[in-house]
Amino acid sequence: MIRSMTGYGRKEEGKGSLRLTVEIRAVNHRFSDILVRLPRAWSMLEDPVRKLVAQSVRRGRAEVNISVEEERSTASSSLTVDWSVAEQFVLISHEMNERFSLNTPLTAKDLLLLPGVIHTEDSNEKEGEDISEWILALVESAAQDLSSMKIAEGNLLEKDLTNRLSQIRTWIDEIREHVPQVSEEYRNRLQQRIAEMLSQVSFEWEPQRMAQELAFFAEKSDISEEVIRLQSHCLQFAEQLEQEEAIGRKLDFLLQEMNREANTIASKANHLHIQHLAVEIKTELEKMREQVQNIE
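A short tour of the structure in this document, coming up. (Residues numbered from 1 in each chain as written. Predicted model: local features only at pLDDT ≥ 70, side-chain atom pairs only at ≥ 80, totals over all residues. Heavy atoms only, no water.)

1. Overview of the pattern of salt bridges
- Applying the stated criterion to the full structure yields 22 salt bridges.
- The partner of Asp33 in a salt bridge is Arg61, with the nearest N and O atoms 2.5 Å apart. Separated by 28 residues along the polypeptide, Asp33 in strand β3 (residues 32-37) and Arg61 in strand β4 (residues 60-70) bring together distant segments of the chain.
- A residue is classified by how much of its surface remains accessible, and Arg61, at 26% relative accessible area, is partly exposed.
- Of the charged contacts in the structure, one is a salt bridge between Glu63 and Arg37, with a shortest N-O distance of 3.7 Å. Of this pair, Glu63 sits in strand β4 while Arg37 sits in strand β3; the two residues are 26 residues apart in sequence, bridging distant segments of the chain.
- What makes Glu63 partly exposed here is its relative accessible area of 26%. (Salt bridge = Lys/Arg side-chain N within 4 Å of Asp/Glu carboxyl O. Helix = DSSP H or I, 4+ residues; strand = E, 2+ residues; numbered from the N terminus. Buried < 20%, exposed > 50% of the residue type's maximum accessible area, 1.4 Å probe, protein only.)

Written as C-alpha cells, this is what we have:
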C-alpha cells in the first residue's frame, strides 16, 4: 500500500472552559522529522505526542501544533459554601453576644466575608487530572485523519504509477521483439561496409578474421541483457507497490536503474524505432520519479 508523504489532520474539541486544537501538517522530506509545538504547561507531553504521530509519519516532515485555550465567556469557576464553618461562626457570634452583652447580629453578608465559608472551585482543577490523556487522545485522532489522507493520496499515486509502468512494459516488449532483427541488421551493414572497403584495396582479408570482427561489433550492439534487466526492474517495482512498509527510497532507486538501462539501450541500439521507444521510456520514467518524490 502506497502512502503519500503529504497530508493534513485536524481535531478540535471543548471540555469545560477549555478548548483544545490539534493540527498536523505533513510535507515531503528526505528523512523522518516530527516537530511538536505545545503550550509550555504541557511540554512534558512532547515525546508521547511525537511517538503517536510517528505511527502515521514513517518518512517526511510533520509539524504538530497543539493549543489549549480557556474560553473566557464560559463560567470557569463555581462557589461552594462550607456550611459547617458557617455554623461555627454563627454559634461563636451568639456566644460572644451573650458573654459580652452585645447586640450585633451576624448577617449573611458578614458570613460571606469570613474566611473558609466560601470556596471558589475552578472547573479546570477538576479536569486537570485527565487533560494529558485528553490531549494525547485528540492527537491520536488527528493523526488518524492525517493517515487517512496520506493513504487516499497514496492510492491515486499508485494508480498513476501502475498505469505508467504498464505502458513502459508494453514498450519493452516491443523493443524485445526487435532485438534479434537489430543484431542481424547491424551485422549485415557491417559486412556490406567491409566488403565495399575491401573492394578498394589490394590485400585480401581472412574470412575467419572477418567473421570474428563482425561478431565482436555485433555483440557490442546487442541490447538483450539491458532489456532483460529493465524487465526485471519493472517487476521489482510492481512488487514494491504492494508492500506495507515505506517504499519511497526503494522506488526511487529502481527508477534510477531503469533509466540507466534505457540510456544504454538508446546508445547501443543502432535502430531508429528502438531509440524512439527508449526516449519514450525515459520520459515516462521521469514523470514517475516526480511522483515517487511524494511517497513515504
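2. A word on the sheet that holds β3
- With respect to topology, four strands assemble into an open sheet ordered β1-β2-β4-β3, the strand pairing being mixed. Only two strands of the sheet have a single neighbouring strand rather than two, namely β1 (7-15) and β3. With direction set aside, neighbouring strand axes in the sheet form an average angle of 10°.
- In terms of strand pairing, strand β2 (residues 18-27) meets β4 through ten bridges, oriented antiparallel. Within β4, the position partnered with Thr21 by the bridge is Ser67. (Pairing = 2+ DSSP bridges. Axes fitted to C-alpha atoms, helices over the stretch in contact; angles between N-to-C directions.)

3. A short note on a nonpolar patch on the surface
- Where nonpolar side chains cluster on the molecular surface, the patch consists of Ile92, Met96, Phe100 and Leu102 and spans about 390 Å² of accessible area.
- Relative to the helices and strands, Leu102 resides in the loop between α2 (83-99) and α3 (108-113).
- Residue classification places Leu102 among the partly exposed residues on the basis of a relative accessible area of 41%. (Patch = residues over 30% accessible without salt bridge, like charges linked within 9 Å, V, L, I, M, F, W, Y side chains within 5 Å. Areas by Shrake-Rupley, 256 points an atom, 1.4 Å probe, with all protein chains shown as cover.)

4. Examining the nonpolar core
- In terms of nonpolar packing, the biggest core is built from 32 residues, with Phe237 and Ile281 touching the most fellow members.
- When residues of this core are traced back to their parent elements, those giving at least two are α5 (131-198), α7 (224-240), α8 (248-268) and α9 (272-292).
- When residues of this core are assigned to their parent elements, the largest contribution, eight residues, is made by α5.
- The residues contacting Ile281, other than those within four sequence positions of it, are Ile168, Trp171, Ile172, Ile175, Leu230 and Ala262.
- With 25 residues, the next largest nonpolar core counts Val22, Ile24, Leu52 and Leu138 among its residues. (Core = buried A, V, L, I, M, F, W, Y, C linked by side-chain atoms within 4.5 Å. Contact = heavy atoms within 4.5 Å.)

5. Things to note about the packing of α7 against α8
- At a minimum axis distance of 9 Å, the contact between α7 and α8 shows a crossing angle of 160°. If you check the angle between α7 and α8, you find them roughly antiparallel. Read as a crossing pair, α7 and α8 show a hand that is left-handed. Along its contact with α7, which presents Glu226, Val227, Arg229, Leu230, His233, Cys234, Gln236, Phe237 and Gln240, the element α8 presents Lys250, Leu251, Leu254, Leu255, Glu257, Met258, Glu261, Thr264, Ile265 and Lys268. (Parallel < 35°, antiparallel > 145°, perpendicular 65-115°, else oblique. Left-handed = near helix turned anticlockwise from the far one by under 90°.)

6. Notes on the side chain of Arg59
- Within the secondary structure, Arg59 sits in the loop between α1 (46-54) and β4.
- For the buried Arg59, no salt bridge exists, and the shortest N-O distance to an oppositely charged side chain is 6.6 Å, to Asp252.
- Within the structure, the side chain of Arg59 is placed 2.9 Å from the backbone oxygen of Ile295, a separation counted as a polar contact.
- Once residues within four sequence positions are removed from consideration, Arg59 is found in contact with Met5, His29, Arg30, Phe31, Ser32, Gly248, Arg249, Ile295 and Glu296. (Lys, Arg positive; Asp, Glu negative; His and termini not counted. Polar contact = N/O pair within 3.5 Å; in protein donor to acceptor, adjacent residues only side chain to side chain.)

7. Considerations on the pairing of β4
- Relative to β4, β3 runs parallel, the two being bridged by six bridges. Along β4, the bridge assignment pairs Leu35 with Glu63.
- Between the parallel pair β3 and β4, the chain is carried across by α1, and the sense of this crossover is left-handed. (Right-handed = clockwise from strand over helix to strand, strands pointing away.)

8. A word on unusual backbone geometry
- Even without being a glycine, Ser101 presents a positive backbone phi close to 55°.
- Here Ser101 shows up in the loop between α2 and α3.

9. Section: the packing of α8 against α9
- Relative orientation of the contacting elements α8 and α9 amounts to 165°, with a least axis distance of 9 Å. Between α8 and α9, the interaxial angle falls into the category roughly antiparallel. Considering the relative orientation of α8 and α9, their crossing is left-handed. Residues Gly248, Leu251, Asp252, Leu255, Gln256, Met258, Asn259, Ala262, Asn263, Ile265 and Ala266 of α8 form the contact with α9, whose own contacting residues are Ile274, Gln275, Ala278, Ile281, Lys282, Leu285, Met288, Arg289 and Val292.

Fair warning: the whole summary comes from geometry, so function is off the table for now.
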